[in-house]
Amino acid sequence: MSKLFSPATLRGLTLRNRTVVAPMCQYSAQDGFANDWHFVHLGRFGIGGFGLVILEATGVVPEGRISYGDLGLWKDEQIAPLARIVDFLHGQGAAVGIQLAHAGRKASTPVPWRNGFDETEAEKAALHFESWTPVAPSAEIHAEGKNFTKPEALDEAGIRNVIDSFVAAAIRANQAGFDTVEIHAAHGYLLNQFLSPLANKRTDRYGGSRENRMRLVLEVAEAVRAVWPVDKPLLVRLSVSDWHPDGWQVEDSVALARELKARGVDAIDASSGGFDGASIPAGPEYQVPFATAIRRDAGLPTIAVGLLGDVHRAEQIVADGEADFIALARGALDNPNWPLHARHELGETDYDLWPKQTNRVRERDRSLGRRGFAAS
Ligand SMILES: Cc1cc2nc3c(=O)[nH]c(=O)nc-3n(C[C@H](O)[C@H](O)[C@H](O)COP(=O)(O)O)c2cc1C
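Residues numbered from 1 in each chain as written. Predicted model: local features only at pLDDT ≥ 70, side-chain atom pairs only at ≥ 80, totals over all residues. Heavy atoms only, no water.

Draft legend 1. Quick look at the overall build of the chain. If you tally the helices and strands in the chain, you get 12 helices and 13 strands. Radius of gyration (C-alpha) of the chain: 20 Å, near the 21 Å computed for a compact globule of 376 residues. Principal-axis analysis of the C-alpha atoms places the extent of the chain at approximately 65 × 50 × 40 Å. The buried share of the chain, taken over its 376 residues, is 57%. Partitioning the contacts of the chain with sequence separation of at least 6, the portion at a separation of at least 24 is 71%. About 14900 Å² of surface is accessible on the chain, with carbon and sulfur atoms providing 50% of the total. Taken as two groups, the 40 positive and 48 negative side-chain charges of the chain have centres that lie 4 Å from each other. (Helix = DSSP H or I, 4+ residues; strand = E, 2+ residues; numbered from the N terminus. Rg over C-alpha atoms; globule rule 2.2 N^0.38 Å. Buried < 20%, exposed > 50% of the residue type's maximum accessible area, 1.4 Å probe, protein only. Contact = heavy atoms within 4.5 Å. Areas by Shrake-Rupley, 256 points an atom, 1.4 Å probe, with all protein chains shown as cover. Lys, Arg positive; Asp, Glu negative; His and termini not counted. Charge placed at Lys NZ, Arg CZ, Asp CG, Glu CD.)

Draft legend 2. Seen up close, the packing of aromatic side chains. This structure, assessed with the given rule, holds 10 aromatic pairs. Here a set of aromatic residues connected by ring pairs shows up, and it is made of Tyr68, Phe117 and Phe129. For the cation-ring pair, Lys106 lies above Tyr189, with the distance from its terminal atom to the ring centre recorded as 4.7 Å. (Phe/Tyr/Trp six-rings, centres within 6.5 Å; stacked < 30°, edge-to-face > 60°. Lys NZ or Arg CZ within 6 Å of the ring centre and 35° of its normal.)

Draft legend 3. Structural detail: unusual backbone geometry. Located in the positive-phi region is Asp31, a residue other than glycine, with phi close to 55°. Tracing the sequence through the fold places Asp31 in the loop between strand E3 (19-21) and helix H1 (36-47). Phi is positive for His187, close to 60°, though the residue is something other than glycine. Mapped onto the secondary structure, His187 falls in the loop between strand E9 (180-185) and helix H5 (190-195).

Draft legend 4. Representation of the side chain of Thr58 in the model. Its location among the elements puts Thr58 in strand E4 (residues 52-59). Of the residues examined, Thr58 reaches a relative accessible area of 0% and is grouped as buried.

Draft legend 5. Structural detail: helix H11 (residues 338-345). Buried residues dominate H11, accounting for 6 of its 8 residues. Summarising the contacts, the buried residues of H11 are in contact with E3, H1, helix H9 (311-319) and strand E13 (325-328).

Draft legend 6. View of the site of the ligand. Neighbouring the ligand are 16 residues, the closest being Cys25, Gln99, Arg237, Leu307 and Arg330. In this structure, Gln99 approaches the ligand through a side-chain N or O atom, which is 2.7 Å from a nitrogen atom. Coverage of the ligand by the protein chains reaches 82% of its 600 Å² of free accessible surface. (Near = heavy atom within 4 Å. Polar contact = N/O pair within 3.5 Å; in protein donor to acceptor, adjacent residues only side chain to side chain.)

Draft legend 7. Highlighting the nonpolar core. Among the nonpolar cores identified, the biggest contains 89 residues, and Phe178 and Ile183 are the most heavily contacted of them. Apart from the residues within four sequence positions on either side, Phe178 is in contact with Leu55, Leu82, Val86, Val96, Gly97, Ile98, Ala173, Trp228 and Lys232. Residues Leu15, Ala22, Ile54 and Leu235 belong to the second largest nonpolar core, which totals 15 residues. (Core = buried A, V, L, I, M, F, W, Y, C linked by side-chain atoms within 4.5 Å.)

Any functional reading would require information that these geometric values do not contain.
Right, dumping it as structure tokens:
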């Protein structure tokens, strides 16, 4: 029996297997509302057999969106189209999470496939275009000459509003039926900006020492946990390393993960990077050691992510305890049926992960003598 395709339980949630779709911004929402693009894009991952599908970075406040096209959960009206997606994925046997996010000084950037803010007036009206001055721990721009805006530093009232907004969005996520929430504290966005000395130059209780820089993330986690149902797991995505000599390091993440665990966080989604000037040796499995370090040294389950997709290695990573879950982003876009195929590649002859509407694939495979019908 494959470990990758064995069920896993976090609190009261049992996932049908350990494959995860990592959050992926689609830049396709209007005023934060999910639409048919999101329904189809996400729905196919449930059809494809993934255990957990995590929705994209979703702004807890409008000014916390990376672009005007991000999903949002800052008002009750945004719940219904998300609930439709959740219901469909549940119907396919997948669990569903949503990444709650604030982009901080990396907010209000152009949609990546456009040439900067090149929208015509007609497109601006049709796409619900918005741009704004972002907020951050300190009034320092993310990077010059790259479509970022100099932010305003948050005061204590602004910080309180960030915490309250994560809480309100988590309550709405529960109303939408999500099984889990992932707090986005990675990739150089707001919570990561507070953690990292590369962006946090504050001199108050939210800056300076590591303990102070961790304060906001811990306050958000604690406040969200207090309203998130006890039987539902809470995830946090970390940039385990900034890949920068002056930045946040693996040992900082281990210390943080221990504190998060003490506050009821159930797993860490182990990513990395997000600050300008980082030197990232991207290659197959390059972030797996981060998942392993957190799992081993902080004693929390971890999601490995980043250039994964080799089926046998994915199985081995989970079987050997390097990580508990395998997440794909681009690999899932490339092949939304990755779990269905991977399971056969690991020797499974059963077709029970395939939706019943697809059972003629089984007939074809029998005729071709492949997958479950391959001669052994
Ligand atoms: C189109 C796209 C959008 C992404 N959006 C998000 C996001 O909303 N939140 C996030 O934490 N990571 C985001 N990521 C990063 C992925 O979740 C993932 O960590 C990264 O792509 C590495 O995994 P991969 O090699 O399987 O693609 C995005 C990646 C892609 C390709």
